[in-house]
Amino acid sequence: TEIMNTRQQCKRIYSWVGRAKSSDQQLKTFQYRGISIKSERSLTEMCIQLGEFVLVEGENADQPFVAKLLKLYEDGSQEKHAVVQWFSRITELPLNKRKLLQREVSPQEIFLDKAPGYDTDINVETIIKNVKVIPLAPKEAVPVRSNRKQIFFVKESWDGKCFKPLSPGSLSELKEAEKNKRVGSPSPLTDCQTSDFICSLKAETDRVTRSTVKTKNVQMEIESRHSASKSSLSKERHSQRVANGINTPGARKKLQLNSMYTAILYPIQKMVSNINTSNTMQNLLLVFEGFDFSLQPEPRTPKTPRNATPRIPIRNQATEKPANVLEEARLRLHVSTIPGSLPCREEAFQDIYNFVESKLIDGTGGCMYISGVPGTGKTATVHEVIRCLQQAAENDELPSFQFIEINGMKLTDPHQAYVQILQLLTGQKVTATHAAELLAKLFSTPGPKRKTTVLIVDELDLLWTRKQDVMYNLFDWPTQKQAKLIILAIANTMDLPERIMMNRVASRLGLTRMSFQPYTYKQLQQIISSRLNHIKAFEEDAIQLVSRKVAALSGDARRCLDICRRSTEICEFSSQKSASGLVSMAHVMKAIDEMFSSPYINSIRNASLHEQMFLKAIIAEFRRSGLEEATVQQIYHQHVALCRIEGLQIPTVSEIMAICSRLGACRFLLLESNNKYLHVRVRLNISQDDVMYALKQE
């Protein structure tokens, strides 16, 4: 007696066909010739034999994989397995390799995939159905056929580097398999089954005929209710089944509410094609005698216009070239300009590159924690590493990988990280809770043909939650053997794991860390010079001045570039120009005064001693916690410590609350509007650099 695996929602039953053809008593494995798939929702039973072609569930519900069955066996734990030969659609191959074909590819054309690294042993329950694959000669054109017939054509192979015509041996083998293949269609019905079926069909047809007119308005209401989500309905159902541990067919026809042909006639047409008895044919035809299909409602024109998305008009003329040296310098010094190289970060670049490269070669996962104050080149260096890795993968020097990125600054809630990651990986958009379940399932189960994924998590500080579940999951997934996930986490605080994470989270990070120190004035000089690239727009003393000023304050390269850009504007439009016509120290000092002499800075300099001390305490607490938010109680502890160091009288709690209120009224601070007293949360409404500059003693 076969042990059958019933799938919960889909109600599919998988069982072996016949007895085991061979067995290995030592390994406790049994091999079989075929697998039977029954569905309780219909009268169909599908029998798939060795050598046939099948659809296998993939990560994308609408794009199942195509494979050929080579072996069917059951292991000692009674789990059903299959060994397959993979075939790939053109959409599954790397983008940079598709151009090697130098021709258009039909959606029904597949390629014999001989690329190494794919797992060929799969679970039988991931098999959806059998399909027909027709081999073609290299110069033979792919016929134009309907995708509904699930017919594929193959005439070339893919080895991971190039496309090749099928070898004579492979071509003859595929032709032999196609000749002996039985098309996967429902089993023929006996005359007794047909008679019972005709009776039930007649009753169902009468019911549909009587209720068509009555349900027209209901259908329109349903259609309107689901208009916003009908395009993703199948994906959402697939997501729910995966979350429940059920792998079910991803590519499934959608049943249209206004189509009687789809609901009744099409299934009958498929069944009639398998019934060879002439009497049975005549009985089935009598069922539809006098049936009026004019009751089918007319399709309604969608209200949403086709081109509803606004578009930016195409530029008619090319952008103008810089008119002078100063304008050229401004363009090159802009923070959004991608530099040709990243000076002063060569060692960090090599360490990150080696880490990711080793994981890609080994096919494993891992996590690197990258920290440093803002403006020290963390994100730029990581992006350059990814660009070089992608170039190496295109040159077949490394295995291909999938790259995705999220930014904590762009998320409305830390848990939205789950939603964004799932959408980037699979195209599905679900709720945060559901996305977390699907991602946990995805990274904990082996997936056929899964590539390594490189995920950049920028602004990690902002993904902190009270339970720390988001950070824990992010760093737990790469430890799963089947995940093949590499995470590069970027944060502004060097000791964030020890300060705000629990021990369980910090332990997941391991020892792979990278710290970016603030730029020194010599490094800032080198960065400016490399950006200008031999353009003589600044005097040497002017570059040294701005570099020293910024290095003494924060070492932020972005602030340094902004000051230099403003200096070129002042130099170009100033009536008092230097003798050389270049940006001088006077222009740089004027730009620095503009950037650091705002009304906020002047107000801070004229504030009371304890108000200035309170602002210092805020920055000290932010740096201690790694977050840009704190409660009044936490800031008060810092304020008391600073007063003891400076030898000042410690203010009372009431005085601290009054200071906090005054700074909030001046819009230096953003205060939480509630009655939590000492537990009110506080944020700075100005940059920390401005506060430090204003409080810096001359």
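Structure first, text after, so check above.
These numbers come from a predicted model, not from an experiment.

1. As for the overall build of the chain
Inference 1: Regarding its fold elements, the chain presents 24 helices and 22 strands.
Inference 2: A buried classification covers 43% of the 698 residues belonging to the chain.
Inference 3: Expressed as a percentage of contacts within the chain between residues at least 6 apart in sequence, the contacts between residues at least 24 apart total 68%.
Inference 4: Total accessible area computed for the chain in this model is approximately 38,600 Å², and 51% of it derives from carbon and sulfur atoms.

2. Considering the packing of aromatic side chains
Aromatic ring pairs are defined here through the distance separating the ring centres and the angle between the ring planes.
Inference 1: Counted under the stated rule, the structure contains nine aromatic pairs.
Inference 2: Between Trp 158 and Phe 163, the aromatic rings sit 4.7 Å apart at their centres with planes inclined by 40°, giving tilted as the arrangement.
Inference 3: By relative accessible area, which is 14% here, Phe 163 ends up buried.
Inference 4: Ring plane angle 40° and centroid distance 5.2 Å describe the contact between Phe 443 and Trp 477, whose orientation is recorded as tilted. Of this pair, Phe 443 sits in helix H12 (residues 432-444) while Trp 477 is found in the loop between helix H13 (469-476) and strand S18 (485-491), placing the two residues 34 residues apart along the sequence. Neither Phe 443 nor Trp 477 differs from the other in exposure class; each is buried.
Inference 5: Here a set of aromatic residues connected by ring pairs shows up, and it is made of Phe 111, Trp 158 and Phe 163.
Inference 6: The ring of Tyr 521 is capped by Arg 548, whose NZ or CZ atom sits 3.8 Å from the centre of that ring.

3. Focus on unusual backbone geometry
Inference 1: The phi dihedral of Gln 102 falls on the positive side, at around 55°, and the residue is not glycine.
Inference 2: At Cys 344, a position not held by glycine, the phi torsion is positive, near 75°.
Inference 3: As for its placement among the helices and strands, Cys 344 is situated in the loop between helix H8 (325-333) and helix H9 (346-362).

4. Observations regarding the sheet that holds strand S15 (residues 366-372)
Inference 1: Pairing in this open sheet of five strands is parallel, and the strands run S16-S17-S18-S15-S19 from one edge to the other. If you trace the sheet from one side to the other, it starts and ends with strand S16 (401-407) and strand S19 (513-516), each paired once. Put simply, the sheet's adjacent strands are angled 15° from each other on average, direction ignored.

5. Notes on the pattern of salt bridges
Inference 1: Going through the model one piece at a time under the given rule, you end up with 19 salt bridges.
Inference 2: In this structure, Lys 80 engages Glu 74 in a salt bridge whose closest nitrogen and oxygen atoms are separated by 3.9 Å. Across the pair, Glu 74 and Lys 80 agree in class, each one buried.
Inference 3: The partner of Glu 92 in a salt bridge is Arg 89, and the shortest N-O contact between them spans 3.8 Å. For the pair formed by Glu 92 and Arg 89, the shared burial category is buried.

6. Side note on the sheet that holds strand S21 (residues 669-671)
Inference 1: Sheet architecture is open: three strands sit in the order S20-S22-S21, paired in antiparallel fashion. Here the strands that pair on one side only, and so sit at the sheet edges, are strand S20 (630-631) and S21.
Inference 2: Pairing of S20 with strand S22 (residues 681-684), which is carried by two bridges, proceeds in the antiparallel orientation. Residue pairing across strands places Ala 630 opposite Val 682, the latter belonging to S22.
Inference 3: Set on the sheet, helix H23 (residues 653-665) makes contact with S21 and S22; between it and S21 the angle comes to about 110°.

7. Examining the pairing of S18
Inference 1: The element S18 is extensively covered by neighbouring structure, given that seven of its seven residues are classed as buried.
Inference 2: Burial along S18 is two-sided: Leu 485, Ile 487, Ala 489 and Ala 491 facing one way and Ile 486, Leu 488 and Ile 490 facing the other are all buried.
Inference 3: In terms of strand pairing, S15 meets S18 through six bridges, oriented parallel. Within S18, the residue paired with Tyr 369 across the bridge is Ala 489.
Inference 4: Here strand S17 (residues 452-458) runs beside S18; their pairing, made up of five bridges, is parallel. Looking across to S18, one finds that Thr 453 is bridged to Leu 485.
Inference 5: Between the parallel pair S17 and S18, the chain is carried across by H13, and the sense of this crossover is right-handed.

8. Points about the packing of H8 against helix H18 (residues 557-573)
Inference 1: In the contact formed by H8 and H18, the axes pass within 9 Å of each other and the chain directions differ by 165°. Judged on the interaxial angle alone, H18 and H8 are roughly antiparallel. Both H8 and H18 take part in a crossing whose hand is left-handed. For the pair H8 and H18, contact is made by Leu 326, Ala 329, Arg 330 and Leu 333 and by Leu 561, Cys 564, Arg 565, Thr 568, Glu 569, Cys 571 and Glu 572, respectively.
Inference 2: Tallied by class, the residues present in the contact of H8 with H18 amount to six nonpolar, one polar and four charged.

9. Thoughts on H13
Two residues of an α-helix separated by three or four positions point the same way, owing to the 3.6 residues in each turn.
Inference 1: Burial of H13 is extensive: six of the eight residues sit out of reach of the surface.
Inference 2: If you check which residues of H13 are buried, you get Val 470, Met 471, Tyr 472, Leu 474, Phe 475 and Asp 476.

So, how was this worked out
- Residues numbered from 1 in each chain as written.
- Predicted model: local features only at pLDDT ≥ 70, side-chain atom pairs only at ≥ 80, totals over all residues.
- Heavy atoms only, no water.
- Helix = DSSP H or I, 4+ residues; strand = E, 2+ residues; numbered from the N terminus.
- Buried < 20%, exposed > 50% of the residue type's maximum accessible area, 1.4 Å probe, protein only.
- Contact = heavy atoms within 4.5 Å.
- Areas by Shrake-Rupley, 256 points an atom, 1.4 Å probe, with all protein chains shown as cover.
- Phe/Tyr/Trp six-rings, centres within 6.5 Å; stacked < 30°, edge-to-face > 60°.
- Lys NZ or Arg CZ within 6 Å of the ring centre and 35° of its normal.
- Pairing = 2+ DSSP bridges.
- Axes fitted to C-alpha atoms, helices over the stretch in contact; angles between N-to-C directions.
- Salt bridge = Lys/Arg side-chain N within 4 Å of Asp/Glu carboxyl O.
- Right-handed = clockwise from strand over helix to strand, strands pointing away.
- Parallel < 35°, antiparallel > 145°, perpendicular 65-115°, else oblique.
- Left-handed = near helix turned anticlockwise from the far one by under 90°.
- Nonpolar A, V, L, I, M, F, W, Y, C, P; charged D, E, K, R; others polar.

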